[in-house]
2 protein chains.
Amino acid sequence: MHRPDRVPPVGQEASRNLRRVCLNPTSHPHRVVIIGAGFGGLEAARRLGHQAVEVTLIDRSNHHVFQPLLYQVAGAALDTSQIAWPIRRVLHQFKNITTLMAEVNGVDMAGKTVMLDDETRIPYDTLVIATGATHAYFGHDEWAPFAPGLKTLGDALSIRQHLLTVFEQAEREPDPNKRQTLQTIVVIGAGATGVELACTIAELAREEMPGEFRRVDTRQTRVIVVEAAARVLSSFPESLAGYVQHTMEQLGVTLMLNCPVTECHAEGVICKDKRIDAGAVFWAAGVRASPAAQWLGASADKAGRVKVERDLTVPAHPDIFVIGDTALVEQENGKPVPGLAPAAKQQGRYVAEVISARLNHHFAPRPFQYRNYGNLSTIGKHTAVVDFGRVKLRGRMAWVVWALAHIYFLIGVRNRLLVALNWLWLYIKGDRAARIILSRKT
Amino acid sequence: MHRPDRVPPVGQEASRNLRRVCLNPTSHPHRVVIIGAGFGGLEAARRLGHQAVEVTLIDRSNHHVFQPLLYQVAGAALDTSQIAWPIRRVLHQFKNITTLMAEVNGVDMAGKTVMLDDETRIPYDTLVIATGATHAYFGHDEWAPFAPGLKTLGDALSIRQHLLTVFEQAEREPDPNKRQTLQTIVVIGAGATGVELACTIAELAREEMPGEFRRVDTRQTRVIVVEAAARVLSSFPESLAGYVQHTMEQLGVTLMLNCPVTECHAEGVICKDKRIDAGAVFWAAGVRASPAAQWLGASADKAGRVKVERDLTVPAHPDIFVIGDTALVEQENGKPVPGLAPAAKQQGRYVAEVISARLNHHFAPRPFQYRNYGNLSTIGKHTAVVDFGRVKLRGRMAWVVWALAHIYFLIGVRNRLLVALNWLWLYIKGDRAARIILSRKT
């Protein structure tokens, strides 16, 4: 693992910045620690593979998740392993990368070590923080148990179990009013996750389940999307929003716009004094960055994102990069880089290039620039909206673009085959693969 | 759902037995309640589909599991939904069958109702108990947390998480002795489940994982099978046992025969005064029938199996059938019917035939007779043993027979395709599909 022969000598021509980071007085190779194996962290690690650095990639789970399809695991259309890969399997050919499954408790910037949950310290020369984001309940963390969010595979399985269980409970419920309450499902937030989750639930209940129950008419299921803003998919151009809203309503989803949630409890939600009793409530409204800003004592925005320089380093700490959903990066137009998978991936790649340039005494790359290749979202299993900037697509053709793009970005031929096969089945037979309740709701 | 017109009139020619069961003074059709949707219960329900009976199938989970492949879910080669099907999906075309996900608390034989966990009572005219078996710790239930068994999908996921987590822990462990302990995995019991589980673990560690870890040499993993009896696979003929033992040892599995476990604790097991420190201990030794005998106040053997008549009814209760792993049925040769999937399925079919004959006033079928079509077990991913009675196979050819038989008996074309694809991948690429730790071990 140690390849001191491949570490380049310290050059005098290096800039001050370079000198600070490259200075490698001991015999070990340059040590890069990456925290988080999401899109950004995994991409950074891959790009540093086979290079003259010693990389340690730390993640609290053993797998990388393809988050854009998490809602399909929640909706029982895909199984967990089809959108997740063991990190160490993905990286096994890079002998300079060590993968650790561990929780990070903090960063000791003076000692240049990362502190793990078992008190171990992992020393770094360069640190890359790519710890992502989690749900935020706008200061109401007490809502969390009543309105679970969707960020991890565990979250997706919880939502799936809760969703499938309400129909099982309804089938046992003699009181028709209580049945109707159980069959009411609320999704809070009309961003891409909220729209996709609500549509897949509506299709499950209205198209796939009828005929399987004797007491419940699953076509009577109410799926309600509650949104504080005036329209859906605020990250998409306004011209597509009307189409999306119309399509959602056709699928049987009820939209409640301009309707901020004021309370979540065990029986349902209250939005602007309107009480909605529900069997299940799911959260797709707000996200908050991981606690990286606290680890670093760095300045952050309200969502907890660390304000980084245009080269993605923390101000006054050129040896620490923050990328992905944990970072707040301004683009040239003054807008922040969006919290999307392609943006995180581009940042991971950029950071690897900067580290590589520093080690090889090349000039530092130009500041990070986000390239927007397009924004995609499905509305059910037949339609989607795609925003390529000038070109905007909607309807079935957009769905085909969406499906091809998502299959292409999955890792590995097997998972592409399996996901394609499952989607084909869903189309032809209307039969989801993974309607399995693993343990009973307590 | 109610089809009183299809209920046959009560005939005077019926036997006493028939009269008792058929007598249908009210207007409802004959009500059959089946508890348990394993191989026996599901088969009974399917055979009663589209018949002039009203069937209620109750299971504590929402899915039927193909138990013979559970060990592959535990070993991360298959995903949960590939060997499980939503019960109500499987039965949805039979409008006379209602599926309920519920826990049964007991049977009121006088009132002829089944009592559910929420105090609901489900009335029956005929009751079929097919509740299967669970692990038995030979009176040491306190061992359960240290040596989890393999009976449900949840069990399989627990075992998978525990198994994968010990390697993650070992990678973080600086002390080589502690690493070796973590890498020691004990399987208690050398029946089919124990042999299959141990072999799949050995292959995972020795063939698939090497190269992914930097500190751990997974080829040094010790997989130890501890068995109280003098040989492996006691349900197979002795002539195959030597071959199995030899093959297991070649895969790197250590066999400890004549070695009853006297203690399980958090650090490992003690067998006949020999202490084995281990990172994980799995239980594949004993099973105990579900508490059906207590519900019925019926006489049972030591394993809790209800002693039933040759027509699978409970003595003096011709309206109650007990089948599958919950029943003790004598064959003509005096031996009990084995607790295997094909036996349970044959019993489910037989019970449906008896119920049908009674309703249609035909003569009762002959006593149940188990037809043994063969016994199969894998030893790793290349070899198996097959016992067809006169013909015995072993090696690669037996594995092909095993694989074809198991794919054939899976429900549905999609799952057959998916399982076949996963096995093909495992063969060609040596890469398991489902090495995902869903939540961290606590």
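Residues numbered from 1 in each chain as written. Chains lettered and ligands numbered in written order. Predicted model: local features only at pLDDT ≥ 70, side-chain atom pairs only at ≥ 80, totals over all residues. Heavy atoms only, no water.

Looking at an unreviewed UniProt entry, one finds chain A named NADH:ubiquinone reductase (non-electrogenic) and attributed to Dyella choica. UniProt's Sequence similarities (unreviewed entry) comment on chain A is quoted here verbatim: "Belongs to the NADH dehydrogenase family." (UniProt positions renumbered as here; feature names shortened; annotations may be inferred.)

1. Some points on the overall build of chain A
Of the regular secondary structure elements, chain A holds twelve helices and 25 strands. A globule of 442 residues ought to have a C-alpha radius of gyration of about 22 Å, and chain A, at 23 Å, matches this closely. Seen through its C-alpha atoms, chain A measures out along the principal axes to roughly 80 × 45 × 40 Å. When each of the 442 residues of chain A is scored for burial, the buried share is 59%. Taking contacts inside chain A between residues at least 6 apart in sequence as the whole, the part at least 24 apart equals 64%. Total accessible area on chain A stands at roughly 18,300 Å², and carbon and sulfur atoms take up 52% of it. Of note, chain A has its 51 positive side-chain charges centred 5 Å away from the centre of its 42 negative side-chain charges. (Helix = DSSP H or I, 4+ residues; strand = E, 2+ residues; numbered from the N terminus. Rg over C-alpha atoms; globule rule 2.2 N^0.38 Å. Buried < 20%, exposed > 50% of the residue type's maximum accessible area, 1.4 Å probe, protein only. Contact = heavy atoms within 4.5 Å. Areas by Shrake-Rupley, 256 points an atom, 1.4 Å probe, with all protein chains shown as cover. Lys, Arg positive; Asp, Glu negative; His and termini not counted. Charge placed at Lys NZ, Arg CZ, Asp CG, Glu CD.)

2. Some words on unusual backbone geometry
Even without glycine at this site, His50(A) takes up a positive phi of about 65°. Along the chain, His50(A) turns up in the loop between α2 (39-48) and β2 (53-59). Of note in the backbone geometry, Asp273(B) takes a positive phi value of approximately 70° without being a glycine.

3. Looking at the interface of chain B and chain A
At the interface, 57 residues of chain B touch 57 residues of chain A. Around 5,200 Å² of area is buried between chain B and chain A when both sides are counted, 52% of it from carbon and sulfur atoms. Area buried by chain B at its contact with chain A is led by Arg172(B), Arg214(B) and Arg414(B), which between them contribute 17% of it. For the pair chain B and chain A, the interface holds eight salt bridges. The closest approach of N and O atoms between Arg89(B) and Glu212(A), which form a salt bridge, is 2.8 Å. (Buried area = accessible area lost by both parts, 1.4 Å probe. Salt bridge = Lys/Arg side-chain N within 4 Å of Asp/Glu carboxyl O.)

4. Focus: the relation of the copies chain B and chain A
One copy of the chain maps onto the other through a rotation about an axis plus a displacement along that axis. Overlaying chain B on chain A yields an RMSD of 0.0 Å, the required transformation being a rotation through 180° with an accompanying axial translation of 0.0 Å. Taken together, the rotation angle and the small translation identify this as a two-fold axis. Most of the interface of chain B is mirrored in chain A: 100% of its interface residues are interface residues there too. (Least-squares fit on C-alpha atoms with pLDDT ≥ 70 in both.)

5. Examining the packing of α2(A) against helix α10 (residues 341-359) of chain A
Between two packed helices, the angle of one axis relative to the other and the distance separating the axes together describe the packing. Residue and element names in this part refer to chain A. Running from N to C, α2 and α10 cross one another at 35°; their axes reach a closest spacing of 7 Å. The element α2 and its partner α10 pack so that their crossing is right-handed. In contact with Phe39, Gly40, Glu43, Ala44, Arg47 and Leu48 of α2, α10 contributes Ala341, Ala344, Lys345, Gly348, Arg349, Ala352 and Ile355. (Axes fitted to C-alpha atoms, helices over the stretch in contact; angles between N-to-C directions. Left-handed = near helix turned anticlockwise from the far one by under 90°.)

6. Things to note about the environment of Ala44(A)
All names here are of chain A. Turning to its location among the elements, Ala44 is positioned in helix α2. Relative accessible area serves as the criterion here: at 0%, Ala44 is assigned to the buried category. Between the C-alpha atoms of Ala44 and Ala352, which are 308 residues apart in sequence, the distance is 5.3 Å. What Ala44 contacts, discounting residues up to four positions off in sequence, is Ile34, Gly348 and Ala352.

7. Digging into the sheet that holds strand β9 (residues 126-129) of chain A
Residues and elements named next belong to chain A. Strand order across the open sheet formed by six strands is β5-β2-β1-β9-β21-β20, with mixed pairing between neighbours. Edge positions in the open sheet fall to β5 (97-101) and β20 (313-314), since each of these has one partner strand only. In this structure, β20 lies alongside strand β21 (residues 317-322), joined through two bridges in antiparallel fashion. Its bridge partner being in β21, Thr313 is matched across the sheet by Phe321. Contacts from α10 reach β1 (30-35), β2, β9, β20 and β21 within the one sheet, and its direction differs from that of β21 by about 155°. (Pairing = 2+ DSSP bridges.)

8. Some details on helix α11 (residues 396-409) of chain A
All names here are of chain A. With 14 residues, α11 should cover 20 Å at 1.5 Å per step; its first-to-last C-alpha distance of 20 Å lies within 8% of that length. Turning to α11, its buried residues number three or more, namely Ala398, Trp399, Trp402, Ala403, His406 and Ile407. The buried residues of α11 occupy an angular sector of 160° when projected down its axis, which confines them to one face. When the buried face of α11 is taken as reference, the exposed residues oriented beyond 90 degrees from it are Met397, Leu404 and Tyr408. (Expected span 1.5 Å × (residues − 1). Arc of directions from axis to C-beta.)

9. Brief notes about the sheet that holds strand β8 (residues 121-123) of chain A
Residues and elements named next belong to chain A. Pairing within the open sheet is antiparallel, and its three strands lie in the order β6-β7-β8. Here the strands that pair on one side only, and so sit at the sheet edges, are β6 (104-108) and β8. Along the sheet, successive strands turn relative to each other by an average axial angle of 25°, direction set aside. Here strand β7 (residues 113-116) pairs with β8 via three bridges, running antiparallel. Bridge pairing links Met115 to Arg121 in β8.

10. Digging into the packing of aromatic side chains
Within this structure, the stated rule accounts for 20 aromatic pairs over all chains. Taking the centre distance of 6.3 Å and the plane angle of 55° together, the rings of Phe167(A) and Phe213(A) count as tilted. Highlighted residues: Phe167(A) in helix α5 (residues 153-172) and Phe213(A) in the loop between α7 (192-208) and β12 (222-226), separated in sequence by 46 residues. For the pair shown, Phe167(A) and Phe213(A) are each scored as buried. Pairwise contacts between aromatic rings join Tyr137(A), Phe138(A), Trp143(A) and Trp283(A) into one cluster. Sitting above the plane of the Phe213(B) ring, Arg88(A) keeps its charged end 4.0 Å from the centroid. (Phe/Tyr/Trp six-rings, centres within 6.5 Å; stacked < 30°, edge-to-face > 60°. Lys NZ or Arg CZ within 6 Å of the ring centre and 35° of its normal.)

11. Details of the UniProt feature "transmembrane region" (unreviewed entry) in chain A
In this numbering, the UniProt entry assigns the feature "transmembrane region" (unreviewed entry) to residues 399-428 of chain A. Segment residues 399-428 of chain A splits into 90% helix and 0% strand. End C-alpha atoms: 16 Å apart.

12. Points about the confidence of the model for chain A
Any residue range with low pLDDT should be treated as having predicted coordinates unsuitable for detailed reading. All names here are of chain A. On average, chain A scores 90 in pLDDT, and the residues at 70 or more come to 93%. Counting interchain partners and residues more than four positions distant, the pLDDT-below-50 stretch residues 1-25 has 46 contacts. Quick note on the complex model: pTM equals 0.90, ipTM equals 0.89. (pLDDT = per-residue confidence, 0-100.)

13. Here we look at the pattern of salt bridges
Counted under the stated rule, the structure contains 38 salt bridges over all chains. Residue Asp277(B) is joined to Arg275(B) by a salt bridge in which the shortest nitrogen-to-oxygen separation is 2.9 Å. The class for Asp277(B) is partly exposed, based on a relative accessible area of 32%. When salt bridges that share partners are traced, they join Glu207(A), Glu208(A), Lys381(A) and Arg432(A) into one network.

14. Considering the environment of Leu100(B)
Along the chain, the position of Leu100(B) falls in strand β5 (residues 97-101). For Leu100(B), a relative accessible area of 9% puts it in the buried group. When neighbours within four sequence positions are excluded, Leu100(B) is seen to be in contact with Glu171(A), Arg172(A), Thr56(B), Leu57(B), Ile58(B), Asp59(B), Leu116(B) and Ile122(B).

15. Some words on the packing of helix α12 (residues 413-429) of chain A against helix α12 (residues 413-429) of chain B
One way to put it is that α12(A) packs onto α12(B) with a least axis distance of 11 Å and a crossing angle of 175°. Taken as axis vectors, α12(A) and α12(B) run roughly antiparallel relative to one another. Together, Val413(A), Arg414(A), Leu417(A), Leu418(A), Leu421(A), Asn422(A) and Trp425(A) of α12(A) and Val413(B), Arg414(B), Leu417(B), Leu418(B), Leu421(B), Asn422(B) and Trp425(B) of α12(B) make up the contact between the two elements. Taken together, the residues of the contact of α12(A) with α12(B) break down into ten nonpolar, two polar and two charged. (Parallel < 35°, antiparallel > 145°, perpendicular 65-115°, else oblique. Nonpolar A, V, L, I, M, F, W, Y, C, P; charged D, E, K, R; others polar.)

16. Quick look at a nonpolar patch on the surface
Residues and elements named next belong to chain A. Among the surface-exposed residues, Met397, Val400 and Leu404 lie close enough to one another that they form a single nonpolar patch of about 290 Å² accessible area. Structurally, Leu404 is set in helix α11. Its relative accessible area of 57% is what places Leu404 among the exposed residues. (Patch = residues over 30% accessible without salt bridge, like charges linked within 9 Å, V, L, I, M, F, W, Y side chains within 5 Å.)

17. Observations concerning the domain arrangement of chain A
Residue and element names in this part refer to chain A. Its domain assignment divides chain A into domain 1 (4-132 + 290-359) and domain 2 (138-286). On a C-alpha basis, the centres of domain 1 and domain 2 stand 35 Å from each other. Of all residues in domain 1, Leu70, Tyr71 and Ala74 give up the largest surface area on contact with domain 2, accounting jointly for 47% of the area buried on that side. The interface formed by domain 1 and domain 2 holds zero salt bridges in total. Put simply, domain 1 and domain 2 have three residue pairs in polar contact (both at pLDDT 80 or more) between them. Elements represented by at least two residues in the side of domain 1 that touches domain 2 include exactly β3 (63-65) and α3 (70-74). Among the elements that take part in the side of domain 1 that touches domain 2, α3 stands out by supplying four residues, more than any other. Looking at the side of domain 1 that touches domain 2, its residues break down into ten nonpolar, four polar and two charged. (Domains from an automatic or database assignment. Polar contact = N/O pair within 3.5 Å; in protein donor to acceptor, adjacent residues only side chain to side chain.)

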